[in-house]
Amino acid sequence: MSDRERSTETASGAPSRHGLLLCIETSCDDTSAALVRGHDVLASIVSSQHELHAEFGGIVPEVASRRHTELLNDVVAEALAAADAGLDDLDGVAVTVGPGLIGALLVGLAAAKTFAWQRHLPLVPVNHLQGHIAANYAAGHRPSVAPPFVCLVVSGGHTLLTLVDAGVEFRIAGRTVDDAAGEAFDKGARLLGLPYPGGRELDRLAAQGDAESVDFPLALPTELDFSFSGLKTALLYHLRELPDAEVAARRADIAAAYQDAIVRQLVKKTVRCAEAEGLRTIAIAGGVAANSGLRAALTAACEEHGLALHLPAIELCTDNAAMVGLAAAHLPAVPWPEYLALDAYAAAALADKA
Ligand code: KG4
Ligand code: ZN
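All figures in this text were calculated on a predicted structure; none of them were measured in a lab. (Residues numbered from 1 in each chain as written. Chains lettered and ligands numbered in written order. Predicted model: local features only at pLDDT ≥ 70, side-chain atom pairs only at ≥ 80, totals over all residues. Heavy atoms only, no water.)

(A) Up close: the nonpolar core. Counting residues in each nonpolar core, the largest one holds 52 residues, and the members touching the most others are Phe-216, Leu-266 and Leu-294. Examining the composition of this core, we find that 15 residues originate from one element, helix 8 (residues 244-277), more than from any other. The contact partners of Leu-266, leaving out residues within four places of it in the chain, are Leu-152, Val-154, Thr-159, Ala-181, Phe-226, Phe-228 and Leu-294. With 33 residues, the next largest nonpolar core counts Cys-23, Ala-135, Val-153 and Val-164 among its residues. (Core = buried A, V, L, I, M, F, W, Y, C linked by side-chain atoms within 4.5 Å. Buried < 20%, exposed > 50% of the residue type's maximum accessible area, 1.4 Å probe, protein only. Helix = DSSP H or I, 4+ residues; strand = E, 2+ residues; numbered from the N terminus. Contact = heavy atoms within 4.5 Å.)

Written out as structure tokens, the structure reads:
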């Protein structure tokens, strides 16, 4: 076994199977690079393309891919500088290979292969959802979380109740039957006239409103599944019935009530899942995990039910490359140069429910 392959301890005590990793994430509209050793995040740079896509009201895949090619080298250089490291210090490279926008993923994968191949380094391919879950393992965050636990994964493309058995291995206990939670935020924000991406804007507006001002329906399809499309329609009809002046005056209240309806469903199912599985720890992951209403409501519910809750740092919830490295600590590396044959994938083949 070479020094490179030997597992070492990191400052946080987590195993550093792969040494110092350059990590790349380009699955959607954030160009991101990070330097990670085990569970220690040494640098994390995210260059968001939000403004670029805002004029279209959503992400244009081809525009995202091109922007990743323009930004990635600078973002990698910035991450290396922030970690006070050079390419020769690297022990490996980790990269998101799916699910996501295929063109965007291929930009990151091609770059990762090139960085790794030039230096004869191993490469760790990472699933984006496992990356989101692994954000909970970042060192320096106390208390730390250890499996088994329930992790609610809520992003722009996914809403899953996962049972994390070990590392980043998970089973699915529940999922959305229609829209993802992030989609519900983004579509609701759009109806309320907020700029893209809407989730964060709706969160801000909701903080000034009264969540009890409108009684939006709480969809409860089956035990542990979610549904958000009826809620979106309810918002649409509610706004249609109000005169423009009234909508303008009550936007914060409507936003607060809409957010609350999403959050209540997420919290209810997550707590129910923990109880059904006999698990005492809950964690959350994905862009919607940054939502202040969700964080507050889940904190209160876990207190009430005597459950431990782990909330990742806000900057590790939305897409970032640090989470890719945190997941890589639990995944096997592909040796040089075998990974040159690796491909990206747009959709994850998710197993059936646990
Ligand atoms: O995980 P993520 O960055 O990208 C995907 O993998 O999809 O999640 C993006 C989603 C978007 O729908 C965005 O509006 C939502 O997360 N989001 C939020 C907040 N910040 C980001 N939703 C609600 N409240 C927030 N503070
Ligand atoms: Zn994501």
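(B) Quick peek at the pairing of strand 10 (residues 169-175). Pairing between strand 9 (residues 159-166) and strand 10: 6 bridges, direction antiparallel. The residue of strand 10 that forms the bridge with Thr-162 is Ile-172. Hairpin connection between strand 9 and strand 10: a loop of 2 residues separates the two successive antiparallel strands, and Gly-167 in this loop has a positive phi of roughly 50°. (Pairing = 2+ DSSP bridges.)

(C) Structural context of the sheet that holds strand 4 (residues 30-37). Judged by pairing direction, the sheet is mixed, and its 5 strands sit side by side in the order 5-4-3-6-7 without closing on themselves. Both outer strands of the open sheet, strand 5 (40-48) and strand 7 (123-127), are each paired with one neighbouring strand and no more. Each strand axis lies, on average, 20° off the axis of its neighbour in the sheet, ignoring direction. Sheet analysis places strand 3 (residues 20-25) next to strand 4, joined by 6 bridges and oriented antiparallel. Opposite Glu-25, over in strand 4, you have Ser-32 as the bridge partner. Against the sheet, helix 2 (residues 61-82) touches strand 3, strand 4 and strand 5, its axis set at about 30° to strand 4. (Axes fitted to C-alpha atoms, helices over the stretch in contact; angles between N-to-C directions.)

(D) Seen up close, the packing of aromatic side chains. If you walk through the whole model with that rule in mind, you get 3 aromatic pairs. Ring plane angle 85° and centroid distance 6.3 Å describe the contact between Tyr-137 and Phe-149, whose orientation is recorded as edge-to-face. Taken together, the positions of Tyr-137 in the loop between helix 4 (128-134) and strand 8 (149-154) and Phe-149 in strand 8 put the pair 12 residues apart, joining distant regions of the chain. Aromatic side chains Phe-226 and Phe-228 sit 6.3 Å apart centroid to centroid with 10° between the ring planes, which places their arrangement in the stacked category. The ring of Phe-226 carries the charged tip of Lys-269 above its face, separated from the ring centre by 5.8 Å. (Phe/Tyr/Trp six-rings, centres within 6.5 Å; stacked < 30°, edge-to-face > 60°. Lys NZ or Arg CZ within 6 Å of the ring centre and 35° of its normal.)

(E) Main features of the site of ligand 1. Taken together, 18 residues form the shell around ligand 1, and within it Gly-156, Asp-186, Asp-203, Asn-291 and Asp-319 come nearest. One nitrogen or oxygen atom from the main chain of Gly-156 is found 2.8 Å from an oxygen atom belonging to ligand 1. Contacts to ligand 1 include Gly-287, whose backbone N or O atom sits 3.0 Å from an oxygen atom. Isolated, ligand 1 exposes 550 Å² of accessible area, and the fraction of that covered by the protein chains is 88%. More than half of the atoms of ligand 1 fall within 2 Å of the grid points belonging to the largest pocket. Of all elements in the fold, only helix 4, helix 5 (181-191) and helix 6 (198-206) reach the threshold of two or more residues within the shell around ligand 1. Residue composition of the shell around ligand 1, by class: 3 nonpolar, 11 polar and 4 charged. (Near = heavy atom within 4 Å. Polar contact = N/O pair within 3.5 Å; in protein donor to acceptor, adjacent residues only side chain to side chain. Areas by Shrake-Rupley, 256 points an atom, 1.4 Å probe, with all protein chains shown as cover. 1 Å grid on protein atoms, 1.4 Å probe; cavity = no way out; pocket = protein on both sides within 12 Å on 5 of 7 lines; lining within 4 Å. Sits in = over half its atoms within 2 Å of the grid points. Nonpolar A, V, L, I, M, F, W, Y, C, P; charged D, E, K, R; others polar.)

(F) Quick look at the layout of surface pockets. Of the pockets and cavities examined, the largest pocket occupies roughly 1300 Å³. Along the walls of the largest pocket sit 46 residues, with Asp-29, Gly-156, Asp-186, Tyr-196 and Pro-197 positioned nearest its centre. Only strand 5, helix 1 (50-54), helix 4, helix 5 and helix 6 provide two or more residues apiece to the lining of the largest pocket. When residues in the lining of the largest pocket are grouped by element, the largest group, 7 residues, is from helix 5. Along the lines of polarity and charge, the residues of the lining of the largest pocket split into 17 nonpolar, 19 polar and 10 charged. (Points joined across faces, edges and corners; volume = space filled by probe spheres on them.)

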